[in-house]
Amino acid sequence: MSIGLIMTQICQFIIGASTIYSQLIGLARHMTIPAHRSKKAAAISAQYRQLWPLIALVALAVIISLITADAQWLIAKGAAAGAMLSFVAQSAFTVVAYHTVGARYAKQIMLNTYLGMAIKWLITIVGFALIFLVLTPIHAPSVIAGFILMQISQAIGLMRLK
């Protein structure tokens with residue numbers, strides 16, 4: 001055997017051994033990193049904090065009703081109904097979606113998220129139907145505005161979780 005061939009085999013052995021070693025070290029390093037904590041408590045806490053924008057939105061609608069001399073409080077009633085609908089639907093989603101946590105329950109977590117979204121949509125559709133059927137007379141633009149403003153507030157709150 002020539003010295004060049006022996007050197008080539010030694011280099012290949014060293015490269016192979018160093019690759020295996022780095023993979024083992026990487027695996028060991030990955031195994032020592034703790035798992036990420038569930039965001040269940042943070043999500044539920046963020047949902048409870050949404051009560052403040054809800055109260056602020058209702059207070060703003062009351063002030064607008066006072067300024068416009070709305071004798072039947074249609075603007076305040078509509079904005080409060082839309083905002084409450086958004087809050088209740090998002091709260092239902094939060095409770096259902098974050099019911100199960102843990103790496104071994106990944107499939108159940110995914111199913112809970114889909115179920116939570118379906119429940120949220122159902123509550124929203126039935127809620128709008130009830131608002132417009134039961135609360136008459138009502139100022140429809142204020143219902144929609146209250147709902148949209150709460151959705152924006154909830155989206156901002158959820159962006160802070162990441």
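Everything discussed here concerns the structure shown above.
So, here is what we can say about the structure in this document. (Residues numbered from 1 in each chain as written. Predicted model: local features only at pLDDT ≥ 70, side-chain atom pairs only at ≥ 80, totals over all residues. Heavy atoms only, no water.)

## Quick notes on a nonpolar patch on the surface
Piece 1. Taken together, the side chains of Phe132, Ile144, Ile148, Leu149, Ile152, Ile156 and Met159 present a nonpolar region at the surface, about 630 Å² in accessible area.
Piece 2. With six residues, helix H6 (residues 140-159) is the largest single contributor of residues to the nonpolar patch.
Piece 3. Tracing the sequence through the fold places isoleucine 148 in helix H6. (Patch = residues over 30% accessible without salt bridge, like charges linked within 9 Å, V, L, I, M, F, W, Y side chains within 5 Å. Areas by Shrake-Rupley, 256 points an atom, 1.4 Å probe, with all protein chains shown as cover. Salt bridge = Lys/Arg side-chain N within 4 Å of Asp/Glu carboxyl O. Helix = DSSP H or I, 4+ residues; strand = E, 2+ residues; numbered from the N terminus.)

## A few points about the packing of helix H2 (residues 40-49) against helix H4 (residues 74-97)
Piece 1. In contact at an axis separation of 10 Å, H2 and H4 are set at 170 degrees when each is read in the N-to-C sense. As the angle between them shows, H2 and H4 are arranged roughly antiparallel. Between H2 and H4, the contacting residues are Ala43, Ile44 and Gln47 on the first element and Phe87, Gln90, Ser91 and Thr94 on the second.
Piece 2. The class makeup of the residues in the contact of H2 with H4 is three nonpolar, four polar and no charged. (Axes fitted to C-alpha atoms, helices over the stretch in contact; angles between N-to-C directions. Parallel < 35°, antiparallel > 145°, perpendicular 65-115°, else oblique. Contact = heavy atoms within 4.5 Å. Nonpolar A, V, L, I, M, F, W, Y, C, P; charged D, E, K, R; others polar.)

## A short note on helix H5 (residues 106-134)
Piece 1. With 29 residues, H5 should reach 42 Å at 1.5 Å per residue; the first-to-last C-alpha distance of 41 Å fits that figure.
Piece 2. Close packing links the buried residues of H5 with H4 and H6. (Expected span 1.5 Å × (residues − 1).)

## Observations concerning the side chain of serine 91
Piece 1. Examined against the element boundaries, serine 91 turns out to sit in helix H4.
Piece 2. Judged by relative accessible area, serine 91 falls into the buried class, the value being 18%.
Piece 3. One polar contact links serine 91 to glutamine 47, side chain to side chain, over a distance of 3.0 Å. (Buried < 20%, exposed > 50% of the residue type's maximum accessible area, 1.4 Å probe, protein only. Polar contact = N/O pair within 3.5 Å; in protein donor to acceptor, adjacent residues only side chain to side chain.)

## As for the nonpolar core
Piece 1. With seven residues, the main nonpolar core is built from Ala81, Leu85, Phe128, Ile131, Ile138, Val143 and Phe147.
Piece 2. Contact partners of leucine 85, with chain neighbours within four places excluded, come to Ile123, Thr124, Gly127, Phe128, Ile131 and Phe147.
Piece 3. By size, the runner-up hydrophobic cluster in this structure holds five residues, among which are Leu54, Leu57, Phe87 and Met150. (Core = buried A, V, L, I, M, F, W, Y, C linked by side-chain atoms within 4.5 Å.)

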